[in-house]
Amino acid sequence: MIEAREIRKSFGQLEVLKGIDFSSDKSEVVAIMGASGAGKSTLLQILGTLSTPDSGSLMIDGIDVLKLKGKELSAFRGKKIGFVFQFHHLLPEFTALENVMIPALIAGTGDRQARSRALELLTDLGLKERIDHKPSQLSGGEQQRVAIARALINNPSVVFADEPTGNLDSVTKEEIQQLFLDLRDKYNQSVIIVTHDPELAKACDRSLFMRDGQFVQE
């Protein structure tokens, strides 16, 4: 699903990624761990096509994404990649259902089809009774479930999650942790998770540890 080779990235004189190699299979849930400043989020942004490396190669679902530019890259990202962040970035003026529908509508899906798919996902995630609630009316865990549904609406090849349990209590953390594993089982979803949470990493199919811009043995 993902094949990255010799990924390098610097900000000024600071080399943040030092020739990273990374690969993941379809339906695999992979955790990337490491201290703050290790380069985890920078790597996630590059793998998710939000940032461009200084050098290296990146194939996602058979596509050489570093050759894509402008609208072509935006269209690829919108259809092939889903994002889940620590802070949910839900639009406060829209309901849960509407928040989930938005990426599908942007991708050109019709309103009826987008609404049906959003309802299906929110029902699967245990939020059928909350679809008309706005983010301020939802708990932190419920907001994160809405964000996960939004990430899945376009049936992406891979979902990238940056500290998805970092802002949640211990019980809700366990629920979201299990949810990512359920996504793999039900939707054959590939998920790459940056996390400081050792329990979440332990539950993943595989975990990698970064230090000073490289993968190392923990």
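Calculation notes
- Residues numbered from 1 in each chain as written.
- Predicted model: local features only at pLDDT ≥ 70, side-chain atom pairs only at ≥ 80, totals over all residues.
- Heavy atoms only, no water.
- Helix = DSSP H or I, 4+ residues; strand = E, 2+ residues; numbered from the N terminus.
- Buried < 20%, exposed > 50% of the residue type's maximum accessible area, 1.4 Å probe, protein only.
- Lys, Arg positive; Asp, Glu negative; His and termini not counted.
- Salt bridge = Lys/Arg side-chain N within 4 Å of Asp/Glu carboxyl O.
- Contact = heavy atoms within 4.5 Å.
- Phe/Tyr/Trp six-rings, centres within 6.5 Å; stacked < 30°, edge-to-face > 60°.
- Axes fitted to C-alpha atoms, helices over the stretch in contact; angles between N-to-C directions.
- Parallel < 35°, antiparallel > 145°, perpendicular 65-115°, else oblique.
- Left-handed = near helix turned anticlockwise from the far one by under 90°.
- Pairing = 2+ DSSP bridges.

Remarks on the side chain of K9
- Considering the arrangement of structural elements, one finds K9 in strand β1 (residues 2-11).
- At 4.1 Å, D54 is the nearest oppositely charged side chain to K9, a buried residue that forms no salt bridge.
- Among residues more than four places away in sequence, those in contact with K9 are L14, E15, V16, L17, T42, I46, S51, T52, P53 and D54.

A few points about the packing of aromatic side chains
- A complete count under the given rule lists 3 aromatic pairs for this structure.
- Centroid distance F22 to F215: 6.4 Å. Interplanar angle 35 degrees. Geometry classified as tilted. With F22 in strand β2 (residues 14-24) and F215 in strand β10 (residues 214-216), the pair connects residues that are 193 residues apart, well separated along the chain.
- The partly exposed category is assigned to F215, whose relative accessible area is 25%.
- Relative to F85, the ring of F83 has its centre 6.0 Å away and its plane inclined at 10 degrees; by these criteria the two rings are stacked.
- For F83, a relative accessible area of 18% corresponds to the buried category.
- Given the relative accessible area of 29%, F85 is considered partly exposed.

A few points about the packing of helix α4 (residues 111-124) against helix α5 (residues 140-152)
- Where α4 meets α5, the axes come as close as 9 Å, and the angle between the chain directions of the two elements is 135 degrees. Between α4 and α5, the crossing angle belongs to the class labelled oblique. The hand of the α4/α5 crossing is right-handed. Residues R117, L121 and L122 of α4 touch α5, and the partners they reach there are V146, A149 and L152.

Focus on the sheet that holds β1
- Taking strand neighbours across the sheet as the criterion, the 4 strands line up as β2-β1-β4-β5 in an open arrangement whose pairing is antiparallel. Each of the sheet's edge strands pairs with one partner strand only, and the pair in question is β2 and β5 (63-64).
- Both β1 and strand β4 (residues 55-60) contribute to a ladder of 5 bridges, which runs antiparallel. Within the sheet, the bridge partner assigned to I2 lies in β4 and is I60.

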